[in-house]
Amino acid sequence: MSIEVKNLVKIYDDRKVIDNVSFRVNDRETLAIVGFSGSGKSTILKLICGLTERDSGEIITGDGDIAMVFQYSALFDSLNVADNITFALQERRELRKKYSQKDLAEIVSKKLELVGLKGIENKFPSELSGGMQKRVSFARAIVTEPNIILYDEPTAGLDPISSTLIEDYIVRLKEETNAASIVVTHQMSTIRRTADRVIMLYDGKIVYEGTPDDMLKMDNEYTKQFVTASLEGPMKMIA
Amino acid sequence: MITLAKYYRQSATYRIFKGILEDLTVFMETLGQITVQLCQVSKFILKGEISWKELMEQCYRYGITSLPITLSISAMTSIIIASQVAAEMVKQGGGNFVGMLLVILIVREAGAVMSAFAIISMIGSSMASEIATMRVTEQIDAITVLKVNPVRYLFVPRVLSGIIMMPFIVILASFVGVLAGAVTSDLSAGLSYRAYFDSAWLGVYIKDLFVSLLKSSCFGGAIALISCTCGYYASGGAKGVGLATTKAVVWSFVAIVIIDMIFAIAFFY
């Protein structure tokens, strides 16, 4: 199931943080959303997954599940890894009766294997490193076999090697799940390694849309400033 | 005219009224949030949509982990009252009524109210800070994205555990309080245990026990509901968690006194 966003508007305190934004992401496609901090990237994800109400516009996502990987993993502190991963299967009424304890254990083992973390079922989030927490949150996100996966700065706060690992898993999950994915990121490596297309936001508007390779050509003054991390250019830090 | 308005806005009167209005807005907002959550929780309970595993965990947390502090406070309250009242009453020839007086006080009021205060400080504050932390670390957002209703998952087990466990806590606290009163009366005024317990049952009726248990259930539910609500609507980082916890404690204390007053008027006025 693809994602279609039409003329999306979100206003906070009389300021349009998302200003008439439209785009589409197809199945098995990964779209990277880039831009300055405060440009409205994470707000778009929150609007798509229903955490925030839009002021106007349309978001078409179909009936399937939407999964989100949060910036700081957002694992449940009081639950161990296995319960974190199977949380939706245990707590959603329509899914609860479908799985026995044995099924749940198998699912946990399978999902952990997919993200390269075997044998940590009984550990608690506080016992894991940042990279491991992120990978567990990937496993939790795909447990309901979602059609859409949203990643909010998946490599934030990770070392370069862990970031590469996470980027590989984003690509792998896309192949395994056939889902449409949106990755909000600042990191060029994440854009290059995971995205099929890129849109760049500034002041709530799309100022660039194209492929990662085209973005690196720096034909556009906005992408040029972003890629070169320059203070000079059309984008000013938004107060 | 503009200068006058500008001058007025700098005045102490304006600032006082503005402060009162802001406080009133926050008060009404919080009251509204608690009412909305009460309706939601009631709906889930009536529909039987309860996370049993979570309910068991919360019952243990509410009922068992709080016992040492609750029983200690109840016992110490009785010791304080008995040590001041028993000797004086014995001196005035009213020794035969010490037990009755203490039991009425403990069963009708002190057992439930002191237990509620202990629960607020221990369980209510931890519930509020836990849920507020979940809010600021996006764990509640994660619950929502996973299509699990956060009110059903977080509020219902906690509120139900309060309603179920609080009467048991109050029964134990009252029992300990009555015993502590007997020991203190004996030590401070030389009142025999027999004299204490002979009069102890004279002033207590089945109605008192019933009201006390009903009241404690309301206390338990109210503490959990207020604490969860204050945590749920927390915002910001560590400061937001601290503010939510303080708010939960203050609101719970006030709610307990109001509920207690309503019960007193309804059943004993």
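Residues numbered from 1 in each chain as written. Chains lettered and ligands numbered in written order. Predicted model: local features only at pLDDT ≥ 70, side-chain atom pairs only at ≥ 80, totals over all residues.

Looking at the overall build of chain A
Then step 1. Within chain A one finds ten helices and nine strands.
Then step 2. On C-alpha atoms alone, chain A measures out to a radius of gyration of 18 Å, which is about the 18 Å that the 2.2 N^0.38 rule sets for 239 residues.
Then step 3. Counting only C-alpha atoms and orienting by the principal axes, one finds that chain A spans roughly 55 × 40 × 30 Å.
Then step 4. Counting over 239 residues, chain A shows a buried share of 41%.
Then step 5. In chain A, the proportion of contacts linking residues at least 24 apart, taken out of those at least 6 apart, comes to 66%. (Helix = DSSP H or I, 4+ residues; strand = E, 2+ residues; numbered from the N terminus. Rg over C-alpha atoms; globule rule 2.2 N^0.38 Å. Buried ≥ 20, exposed ≤ 12 C-beta atoms within 10 Å, placed from the backbone. Contact = placed C-beta atoms within 7 Å.)

Considering the domain arrangement of chain A
Residue and element names in this part refer to chain A.
Then step 1. Partitioning chain A into domains gives domain 1 (1-64 + 147-239) and domain 2 (75-144).
Then step 2. For domain 1 and domain 2, the distance between their C-alpha centres works out to 26 Å.
Then step 3. Per element, the largest residue contribution to the side of domain 1 that touches domain 2 is seven residues, and it comes from helix 7 (residues 160-177). (Domains from an automatic or database assignment.)

What about the confidence of the model for chain A?
Then step 1. Summary statistics for chain A give a mean pLDDT of 88 and a share of 98% for residues scoring 70 or more.
Then step 2. Averaged over each element, pLDDT in chain A is lowest for helix 10 (residues 221-228) of chain A (81) and highest for helix 2 (residues 81-85) of chain A (95). (pLDDT = per-residue confidence, 0-100.)

Some words on the sheet that holds strand 6 (residues 148-152) of chain A
Residues and elements named next belong to chain A.
Then step 1. Here we have six strands laid out as an open sheet, ordered 5-6-7-3-8-9, and mixed in their pairing. In the strand order of this sheet, the two ends are held by strand 5 (66-69) and strand 9 (205-210), each with one partner. Adjacent strand axes in the sheet meet at a mean angle of 20° when their direction is disregarded.
Then step 2. Strands in contact with helix 6 (residues 130-141) are strand 5 and strand 6; relative to strand 5, the strand with the most contacts, it is inclined by about 175°.
Then step 3. Sitting on the sheet, helix 10 is in contact with strand 3 (30-35), strand 8 (197-202) and strand 9, with an inclination near 95° to strand 8. (Pairing = 2+ DSSP bridges. Axes fitted to C-alpha atoms, helices over the stretch in contact; angles between N-to-C directions.)

A word on unusual backbone geometry
Then step 1. Of note in the backbone geometry, D13 of chain A takes a positive phi value of approximately 50° without being a glycine.
Then step 2. Tracing the backbone shows D13 of chain A in the loop between strand 1 (3-12) and strand 2 (15-25).

Thoughts on the nonpolar core
Then step 1. The biggest cluster of nonpolar side chains holds 133 residues, and the ones touching the most others in it are I33, M68, L150 and M200 of chain A together with A116 of chain B.
Then step 2. Shared between two domains, this core takes at least three residues from each, and those domains are domain 1 (1-64 + 147-239) and domain 2 (75-144) of chain A.
Then step 3. Setting aside chain neighbours within four positions, we find M68 of chain A in contact with L45, C49, A141, L150 and D152 of chain A together with V145 of chain B. (Core = buried A, V, L, I, M, F, W, Y, C linked by C-beta atoms within 7 Å.)

A word on the sheet that holds strand 1 of chain A
Residues and elements named next belong to chain A.
Then step 1. The sheet built from three strands is open, its strands ordered 2-1-4 with antiparallel pairing. Taken across any chain shown, the strands that pair with only one partner, and hence form the sheet edges, are strand 2 and strand 4 (56-60). The mean angle between the axes of side-by-side strands here comes to 20°, regardless of whether they run parallel or antiparallel.
Then step 2. Two strands pair when backbone bridges link them, and strand 1 and strand 2 are joined in this way by eight bridges, in the antiparallel orientation. Its bridge partner lying in strand 2, L8 is registered against V21.

Topic: the packing of helix 5 (residues 98-136) of chain B against helix 8 (residues 193-200) of chain B
Residues and elements named next belong to chain B.
Then step 1. Two numbers describe how helix 5 lies on helix 8: the axes approach to 6 Å, and their chain directions differ by 55°. In terms of their interaxial angle, helix 5 and helix 8 are classed as oblique. Along this stretch, helix 5 crosses helix 8, giving a crossing that reads as right-handed. Across the interface between the two elements, V98, G99, M100 and V103 of helix 5 pack against Y196, F197, D198, S199 and A200 of helix 8.
Then step 2. Its residues assigned to classes, the contact of helix 5 with helix 8 shows six nonpolar, two polar and one charged. (Parallel < 35°, antiparallel > 145°, perpendicular 65-115°, else oblique. Left-handed = near helix turned anticlockwise from the far one by under 90°. Nonpolar A, V, L, I, M, F, W, Y, C, P; charged D, E, K, R; others polar.)

Some details on the pairing of strand 3 of chain A
In summary, the side chains of a regular strand alternate between the two faces of the sheet.
Then step 1. Burial within strand 3 of chain A is extensive, with six of its six residues counted as buried.
Then step 2. The two faces of strand 3 of chain A match: T30, A32 and V34 of chain A on one face and L31, I33 and G35 of chain A on the other face are all buried.

Some details on the interface of chain B and chain A
Then step 1. Opposite the twelve residues of chain B that make contact, chain A presents twelve residues.
Then step 2. Residue classes in the side of chain B that touches chain A are distributed as five nonpolar, four polar and three charged.

Structural notes on the environment of V34 of chain A
Then step 1. Within the element layout of this structure, V34 of chain A appears in strand 3.
Then step 2. Apart from residues lying up to four places away in sequence, V34 of chain A is in contact with T185, H186, I191, V198, M200 and F226 of chain A.

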